Amino acid sequence: DGSCFDVIRHKGQLYVTTLQGLFRLKEKFITDFPTGKLATGISFYFEKILDIISDAWCLHSYKNSLLVGTREGVVEMNDEKIRMVCTGNARRFSTFFPDSNYCFASYGSKIDILKHEKNQWNYYGKFDNISGLGFEINKEVATPEGPVYFFNDHEGVTWHIKDRNE
């Protein structure tokens, strides 16, 4: 039900975010009802991940972890265990080049910084109320020299970090 916002394959399974939460595509073998024998096909259905009940917007797969950006915050699913990484709306994920152990979770003029360590994602810090941002970030580009540039559809480059230690 509802609009699909993001689709990703994680550990061989397909996940979808919608306004009703997170769903996983499952196979269902078709059987002949009276005999119980396998029929000639397989059908598919979406199984709702019940622990994620709010609007789900974006997905990021990294190692064993699946990050889900929701209205309540960033949720991590790791081997079927679900935990909240940080609170606050997250509508977009992007990785930090060249270190993929870092991930940005953005919404409006807020960017949360997440770090993967000890086999789980942790909240590392944030950029909040970025002056002049105006619109939601839809792309981040990091250069090997250090600067990270943030883009949106309306203004192009809107903000940047001059130094990774900033």
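From a predicted model like this one, the values you see are computed outputs, not experimental measurements. (Residues numbered from 1 in each chain as written. Predicted model: local features only at pLDDT ≥ 70, side-chain atom pairs only at ≥ 80, totals over all residues. Heavy atoms only, no water.)

Hey, could you run me through the nonpolar core in this one?
If you look at the biggest cluster of nonpolar residues, it comprises twelve residues: C58, Y62, L67, V74, V85, C86, A90, F93, C103, A105, L114 and W121. Beyond its immediate sequence surroundings of up to four residues, A105 is in contact with V74, A90, R92, F93, K110, I111, D112 and L114. I8, Y15, L59 and L66 belong to the second largest nonpolar core, which has eleven residues in total. (Core = buried A, V, L, I, M, F, W, Y, C linked by side-chain atoms within 4.5 Å. Buried < 20%, exposed > 50% of the residue type's maximum accessible area, 1.4 Å probe, protein only. Contact = heavy atoms within 4.5 Å.)

Quick question: what am I supposed to make of the side chain of T17 here?
Mapped onto the fold, T17 is located in strand β2 (residues 13–18). Judged by relative accessible area, which is 0%, T17 ranks as buried. Here the side chain of T17 touches D6 through a polar contact of 2.9 Å, landing on its backbone nitrogen. At 3.2 Å, the side chain of T17 forms a polar contact with the backbone oxygen of W57. Leaving out residues up to four positions away in the same chain, T17 has contacts with S3, C4, F5, D6, L22, A56, W57, C58, L59 and V68. (Helix = DSSP H or I, 4+ residues; strand = E, 2+ residues; numbered from the N terminus. Polar contact = N/O pair within 3.5 Å; in protein donor to acceptor, adjacent residues only side chain to side chain.)

Quick question: what am I supposed to make of the sheet that holds strand β12 (residues 120–127) here?
Two pairing modes exist for strands in a sheet, parallel and antiparallel, and in both the strands are linked by backbone hydrogen bonds. Taking strand neighbours across the sheet as the criterion, the four strands line up as β9-β10-β11-β12 in an open arrangement whose pairing is antiparallel. The open sheet terminates on both sides in strands that have one partner only, identified here as β9 (92–95) and β12. Between one strand and the next, the sheet's axes are offset by a mean angle of 30°, whatever the strand orientation. Judged from the six bridges that link them, strand β10 (residues 102–107) and strand β11 (residues 110–117) form a sheet pairing that is antiparallel. When the sheet's bridge partners are listed, Y107 is paired in β11 with K110. (Pairing = 2+ DSSP bridges. Axes fitted to C-alpha atoms, helices over the stretch in contact; angles between N-to-C directions.)

Hey, could you run me through the pattern of salt bridges in this one?
Between side chains of opposite charge, pairing is possible as soon as their charged atoms come close. The final tally for this structure, using the stated rule, is seven salt bridges. Note that D79 and K11 form a salt bridge whose closest N and O atoms lie 2.6 Å from each other. Of this pair, D79 sits in the loop between β7 (73–78) and β8 (81–87) while K11 sits in the loop between β1 (4–10) and β2; the two residues are 68 residues apart in sequence, bridging distant segments of the chain. Residue D79 is classed as partly exposed on the basis of its relative accessible area of 44%. The class for K11 is partly exposed, based on a relative accessible area of 48%. Across the pair R71 and D55 runs a salt bridge, and its minimum N-O distance is 3.5 Å. Here D55 lies in the loop between β4 (38–48) and β5 (56–62) and R71 lies in the loop between β6 (65–70) and β7, a separation of 16 residues in the sequence. Among the residues examined, D55 registers a relative accessible area of 16% and is labelled buried. One salt-bridge network, held together by shared partners, links R24, E47 and E80. (Salt bridge = Lys/Arg side-chain N within 4 Å of Asp/Glu carboxyl O.)

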